[in-house]
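The primary structure of each chain is shown beneath.
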Amino acid sequence: MYYSSGNYEAFARPEKPEGVDSKSAYLVGSGLGAIAAACFLVRDGQMDGEKVHILEKDPIPGGACDGYHYDNLGYVMRGGREMDNHFECMWDLFRSIPSIETKGVSVLDEYYWLNKHDPNYSLMRATVNQGEDAGTDGKFALSDKGALEIMKLFFTPEEDLYEKRIDEVFDEEVLNSNFWMYWRTMFAFENWHSALEMKLYLKRFIHHVGGLPDFRALRFTKYNQYESMILPMIEYLKSYHVQFHYLTKVVNVEFDIRKDRKIAKHILVERDGKEEHIDLTENDLVFLTNGGCVENSSLGDQNHPAPFHAEIKKGGGWDLWRKIAAQDPAFGHPDKFCCNPEQSNWMSATVTTLDDRIPPYIRKICKRDPFSGRVVTGGIVTAKDSNWLLSWTFNRQPQFRDQPENQLVGWIYGLFTDKPGNYVKKTMRACTGKEICMEWLYHMGVPVSGIDHLAENSANTVPCMMPYITAFFMPRSAGDRPAVVPQGAVNFAFLGQFAETARDTIFTTEYSIRTGMEAVYSLLRIDRGVPEVWGSAYDLRDLLSATVQLRDGKKITDMDQGLIEKLALKAILKKVGGTDIEKLLKEYHVI
């Protein structure tokens, strides 16, 4: 497997890999990474779909990319997906996935047209004092010292950040700024999370720094991610006769470990209450989704809180990874991620408005008609003074194809589930759906006298507790995540958010799809390049632009400098005067 960039390989079709007709594949789990891998197996690997087996413990596919209408419960989205125009592997795949809504176009086509005709941006990023504009004005509000701390992290070698927390590299200059409020609520970082992941995110998305305050850098699907992304992929795979085995729990994979060769030999599954063995040869490829950010997640309802299940479940994703990791050090260290759910949890809630009494409050804050079918909030709105650090969003409506025209479906989440609310004096994790809705309505500016009645009669709210939703952000070192294809692996690969690949960042749809592409291309030796991660971190133009944007447009000549620094800067600018360097610095407003 090798990386490539540019059009030459982007539009080429690979030749059929040698020996693929004698191979089969088993994919453990049906999350985005596994489904993407299955698509690459049949599209680029040209494997017979009937020889591709997806083993899923649940009755439906999709993993964390969910969006369902449950009988007697309501609409549920555990999370939402934000996309970037440089998700290279994702768009490489979706150009080949037919739309299930419009004949003759791809998922990429419909996504591209939607976001061209209705570009995303927010008109209100944060509120205070029960729905008032927080007055952030699109500013990062970073001091020069804070900006230098961010720059220092950007250039710090990765190995120097192993096991370090964010609050060990940033002080209050950053952690009390608008920048950190934008960042932590958009990406769900906590102060105690990995400084290494923070650095990787800065590098990965440096070209979008200017779009953080109003989300103009983001793109969204038309519906929830299950209906817009997962279902088209499932239909594509069914057209190739890929085999889906639901209610089939993989409880272990056994390996033959030798000095230079590692071979998956057996898959142990539970199906219909019975344990089965799937014997493997070197021609049977195994793709393992290890761990799981939505493992142990639980739902409540309007009148019941979502329980907090912290204990690792037998037969779940963490338990499976532990059994696999015990067989070889190259298979990672799952306990680095799953042993402290107090530092990896947050809660979400799906709220459905049932009449016309709540939508005016949404309209007042987002400054758009939420029933227009176009962008509504344009991303999350953060209640900056919320004890839960509560954020909420309404994407284009309807979010579900079967959603009634007079209803809105939105999403709420809070990062601090162990803190009492500002209005509901209970921790978020102890709240029913109705109580979470009450806290949200309070921060929206609904008069206190009407909050209880609206939460009871004008909305249905379904809470979701996710103990491991940001487990992949826990401080770590090299080797804690297994490589997509470990050294010496003959017939297996790891997929998803807890597999290690180069330069990309976890908690994105691109990461899952990239691991699937790299795994398939490696094991089948497909002679076509995997698109490399977009190189904005190495583009001087993006670096200059981000430097100025982080400082809210201030030029370097406006920095608070000592006499020696001022003289040195003056000498440098004189030296580059009349050159292309001076023109570049002026073009990007550095000077």
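Given the structure is predicted, the values throughout are model-derived calculations rather than measurements.

What counts and what doesn't
- Residues numbered from 1 in each chain as written.
- Predicted model: local features only at pLDDT ≥ 70, side-chain atom pairs only at ≥ 80, totals over all residues.
- Heavy atoms only, no water.
- Helix = DSSP H or I, 4+ residues; strand = E, 2+ residues; numbered from the N terminus.
- Buried < 20%, exposed > 50% of the residue type's maximum accessible area, 1.4 Å probe, protein only.
- Polar contact = N/O pair within 3.5 Å; in protein donor to acceptor, adjacent residues only side chain to side chain.
- Domains from an automatic or database assignment.
- Contact = heavy atoms within 4.5 Å.
- Buried area = accessible area lost by both parts, 1.4 Å probe.
- Pairing = 2+ DSSP bridges.
- Axes fitted to C-alpha atoms, helices over the stretch in contact; angles between N-to-C directions.
- Expected span 1.5 Å × (residues − 1).
- Core = buried A, V, L, I, M, F, W, Y, C linked by side-chain atoms within 4.5 Å.
- Parallel < 35°, antiparallel > 145°, perpendicular 65-115°, else oblique.
- Left-handed = near helix turned anticlockwise from the far one by under 90°.
- Nonpolar A, V, L, I, M, F, W, Y, C, P; charged D, E, K, R; others polar.
- Patch = residues over 30% accessible without salt bridge, like charges linked within 9 Å, V, L, I, M, F, W, Y side chains within 5 Å.
- Areas by Shrake-Rupley, 256 points an atom, 1.4 Å probe, with all protein chains shown as cover.
- Salt bridge = Lys/Arg side-chain N within 4 Å of Asp/Glu carboxyl O.

### Concerning the side chain of His193
Thinking step 1. Locating His193 in the fold gives a position in the loop between helix 7 (178-187) and helix 8 (195-204).
Thinking step 2. Classification of His193 as buried rests on a relative accessible area of 0%.
Thinking step 3. One polar contact links the side chain of His193 to the main-chain amide nitrogen of Glu190, over a distance of 2.9 Å.

### Focus: the domain arrangement of the protein
Thinking step 1. Under the domain assignment used here, the protein contains domain 1 (8-109 + 221-299 + 312-341 + 470-531), domain 2 (127-211), domain 3 (346-466) and domain 4 (536-588).
Thinking step 2. Averaged C-alpha coordinates put domain 1 and domain 3 at centres separated by 32 Å.
Thinking step 3. Contact with domain 1, which involves 25 residues of that partner, is made by 22 residues of domain 3.
Thinking step 4. For the pair domain 1 and domain 3, the summed buried area comes to about 2,000 Å², and 55% of that belongs to carbon and sulfur atoms.

### Side note on the sheet that holds strand 7 (residues 132-133)
Thinking step 1. Ordered by their spatial adjacency, eight strands build an open sheet running 7-6-15-16-17-14-18-13, and the pairing between neighbours is mixed. Lying at the two open borders of the sheet, with one neighbouring strand each, are strand 7 and strand 13 (298-299).
Thinking step 2. The sheet contact formed by strand 6 (residues 126-128) and strand 7 spans two bridges and is antiparallel. The partner of Val128 across the bridge, within strand 7, is Glu132.
Thinking step 3. Those strands touched by helix 13 (residues 433-444) are strand 6, strand 14 (346-353), strand 15 (381-383), strand 16 (390-393), strand 17 (408-414) and strand 18 (459-466), and its axis lies near 105° from that of strand 18.

### Quick word on helix 5 (residues 144-155)
Helical periodicity: at 3.6 residues per turn, an α-helix aligns residues three or four positions apart in one direction.
Thinking step 1. With 12 residues, helix 5 should reach 16 Å at 1.5 Å per residue; the first-to-last C-alpha distance of 17 Å fits that figure.
Thinking step 2. Considered for burial, the residues of helix 5 that qualify are Asp144, Gly146, Ala147, Glu149, Ile150, Leu153 and Phe154.
Thinking step 3. Buried residues along helix 5 sit against helix 6 (172-175), helix 7, helix 8 and helix 16 (540-550).

### Observations regarding the nonpolar core
Thinking step 1. Among the nonpolar cores identified, the biggest contains 139 residues, and Phe179, Trp183, Leu237, Ile267 and Phe287 are the most heavily contacted of them.
Thinking step 2. For this core, the element with the highest residue contribution is helix 2 (residues 32-43), accounting for 10 residues.
Thinking step 3. Residues in contact with Ile267, not counting those within four places in the same chain, are Tyr26, Leu55, Val250, Asn252, Val253, Glu276, His277, Ile278, Leu280 and Val286.
Thinking step 4. In this structure, Met347, Val376, Trp388 and Cys437 belong to the second largest nonpolar core, which totals 33 residues.

### A look at unusual backbone geometry
Thinking step 1. That bond from Gln397 to Pro398 is cis: its omega, 0°, falls within 30 degrees of zero.
Thinking step 2. Mapped onto the elements of the fold, Pro398 is located in the loop between strand 16 and strand 17.
Thinking step 3. Unusually for a residue other than glycine, Arg525 sits at a positive phi of about 55°.

### Focus: the packing of helix 2 against helix 15 (residues 509-524)
Thinking step 1. Contact geometry for helix 2 and helix 15: axes closest at 8 Å, N-to-C directions at 40°. When the axis of helix 2 is compared with that of helix 15, the two are oblique. Crossing hand, helix 2 versus helix 15: right-handed. Along its contact with helix 2, which presents Leu32, Gly33, Ala36, Ala37, Phe40, Leu41 and Arg43, the element helix 15 presents Thr509, Ser512, Ile513, Gly516, Met517, Val520, Tyr521 and Leu524.
Thinking step 2. Classifying every residue of the contact of helix 2 with helix 15 gives 10 nonpolar, four polar and one charged.

### So, the pairing of strand 12 (residues 284-289)
Thinking step 1. Most of strand 12 sits inside the fold, with five of its six residues counted as buried.
Thinking step 2. In terms of strand pairing, strand 12 meets strand 19 (residues 492-495) through four bridges, oriented parallel. Looking at strand 19, one finds that Thr289 is bridged to Leu495.

### Section: the sheet that holds strand 8 (residues 243-245)
Thinking step 1. What the five strands build is an open sheet, ordered 8-3-2-12-19; its pairing is parallel. For this open sheet the edge positions go to strand 8 and strand 19, each flanked by a neighbour on one side alone. Each strand axis lies, on average, 20° off the axis of its neighbour in the sheet, ignoring direction.
Thinking step 2. Two strands pair when backbone bridges link them, and strand 2 (residues 24-28) and strand 12 are joined in this way by five bridges, in the parallel orientation. Looking at strand 12, one finds that Leu27 is bridged to Phe287.
Thinking step 3. Along the sheet, helix 2 makes contact with strand 2, strand 3 (52-55), strand 12 and strand 19, crossing strand 2 at roughly 165°.
Thinking step 4. Of the strands in this sheet, strand 12 and strand 19 are in contact with helix 15, which crosses strand 19 at around 170°.

### Digging into a nonpolar patch on the surface
Thinking step 1. A surface patch of nonpolar side chains, amounting to about 320 Å² of accessible area, comprises Leu148, Met151 and Phe155.
Thinking step 2. Inspection of the secondary structure puts Leu148 in helix 5.
Thinking step 3. On the basis of relative accessibility, which here comes to 41%, the residue Leu148 falls in the partly exposed class.

### Remarks on the pairing of strand 11 (residues 274-279)
Thinking step 1. As paired strands, strand 10 (residues 262-271) and strand 11 are joined by six bridges and run antiparallel to one another. Among the inter-strand pairings, Leu268 is bridged to a residue of strand 11, identified as His277.
Thinking step 2. From the end of strand 10 to the start of strand 11, which pair antiparallel, there are two residues, and Asp272 there has a positive phi angle of about 55°.

### Concerning the pattern of salt bridges
Thinking step 1. Per the counting criterion, the structure on display carries 42 salt bridges.
Thinking step 2. The closest approach of N and O atoms between Lys222 and Glu101, which form a salt bridge, is 3.5 Å. Of this pair, Lys222 sits in the loop between helix 8 and helix 9 (225-239) while Glu101 is found in the loop between helix 3 (88-94) and helix 4 (107-117), placing the two residues 121 residues apart along the sequence.
Thinking step 3. Residue classification places Glu101 among the partly exposed positions, given a relative accessible area of 37%.
Thinking step 4. One continuous salt-bridge network, built from bridges that share partners, spans Arg43, Asp44, Asp92, Arg95 and Arg528.

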